[in-house]
Amino acid sequence: MNNELTEFDMALGSGIAAFESRQFSIAAGLLSPLAEAGNPQAQYRMAIMAQNGLGMHENHPLAFKYMQAAAEAGLDIAQHGLGFMYLEGECTEKDAAQAVHWFTKAAEQGLAGSQTTLAKMYEEGRGVEKDQTMADKWYRVAGFEGR
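If you're wondering where the values come from, they're calculated on a predicted model, not measured in any experiment.

## Re the overall build of the protein chain
Assigned secondary structure in the protein chain consists of eight helices and zero strands. When the helices and strands of the protein chain are placed in sequence order, the string is α-α-α-α-α-α-α-α. Its C-alpha atoms give the protein chain principal-axis dimensions of about 50 × 40 × 25 Å. Residues counted as buried form 40% of the 147 residues belonging to the protein chain. A sequence separation of at least 24 residues applies to 39% of the contacts in the protein chain between residues at least 6 apart. Counting only carbon and sulfur atoms, one obtains 50% of the accessible surface of the protein chain, whose full area is about 7900 Å². Put simply, the protein chain has 11 plus and 19 minus side-chain charges, and the middle of one group is 7 Å from the middle of the other.

What follows is the structure in structure tokens.
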């Protein structure tokens, strides 16, 4: 087995480190080519930066493109992020049913924030038929006892 880090791995690690340390211009420079090459971790971070104008000008179409690509690749936090984009109408049109779709995907992977949001959506009937049984199920899965 080859234990050497590839140039791709080093760029991704450096880009994520720059993102986490809030050096967004550096992160954007390192992560942009990786996002274009289809890396979900890079796409997710590029989406956050493009959505909020961090290290670049705000670019909502680019933010949506990258968030959707990372979500479709199965990245749970990107599925959660795409759910919120649809829920709030940020970077795309509001679509509560699409929000439920993406929150469900993230919730099924164990993301507690998505589980809680999904429970609330079932409780309120946002994007789905109001269903207290489903709301209670997702609240329990998220760790809220007595629901």
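## Notes on the packing of aromatic side chains
A full pass over the atoms with the stated rule returns four aromatic pairs. Ring geometry for Phe19 versus Phe24: centroids 5.6 Å apart, planes at 75°, classification edge-to-face. In this pair, the class of Phe19 matches that of Phe24, namely buried. With 5.1 Å between their ring centres and 80° between their planes, Phe84 and Phe103 make a pair best called edge-to-face. Taken together, the residues Phe84 in helix α5 (residues 76–88) and Phe103 in helix α6 (residues 96–108) connect sequence positions 19 residues apart. Exposure remark for Phe84: the relative accessible area of 33% places this residue in the partly exposed category. Owing to a relative accessible area of 0%, Phe103 belongs among the buried residues under this scheme.

## Notes on the packing of helix α1 (residues 7–20) against helix α3 (residues 40–52)
Between α1 and α3, whose axes approach to 11 Å, the crossing angle comes to 30°. By the angle class used here, α1 and α3 are roughly parallel. Note on packing geometry: the crossing formed by α1 with α3 is left-handed. For the pair formed by α1 and α3, the contact residues are Leu12, Ile16, Phe19 and Glu20 on the first element and Gln41, Ala42, Arg45, Ile48 and Met49 on the second. Within the contact of α1 with α3, the residues separate by chemical class into six nonpolar, one polar and two charged.

## Observations regarding unusual backbone geometry
Non-glycine residue Arg22 carries a positive phi angle of around 65°. Among the secondary structure elements, Arg22 is positioned in the loop between α1 and α2 (24–36). Of the residues examined, Arg22 reaches a relative accessible area of 64% and is grouped as exposed. Although it is not a glycine, Cys91 adopts a positive phi angle of roughly 70°. For Cys91, the position within the fold is in the loop between α5 and α6.

What counts, and where the lines are drawn
Residues numbered from 1 in each chain as written. Predicted model: local features only at pLDDT ≥ 70, side-chain atom pairs only at ≥ 80, totals over all residues. Heavy atoms only, no water. Helix = DSSP H or I, 4+ residues; strand = E, 2+ residues; numbered from the N terminus. Buried < 20%, exposed > 50% of the residue type's maximum accessible area, 1.4 Å probe, protein only. Contact = heavy atoms within 4.5 Å. Areas by Shrake-Rupley, 256 points an atom, 1.4 Å probe, with all protein chains shown as cover. Lys, Arg positive; Asp, Glu negative; His and termini not counted. Charge placed at Lys NZ, Arg CZ, Asp CG, Glu CD. Phe/Tyr/Trp six-rings, centres within 6.5 Å; stacked < 30°, edge-to-face > 60°. Axes fitted to C-alpha atoms, helices over the stretch in contact; angles between N-to-C directions. Parallel < 35°, antiparallel > 145°, perpendicular 65-115°, else oblique. Left-handed = near helix turned anticlockwise from the far one by under 90°. Nonpolar A, V, L, I, M, F, W, Y, C, P; charged D, E, K, R; others polar.

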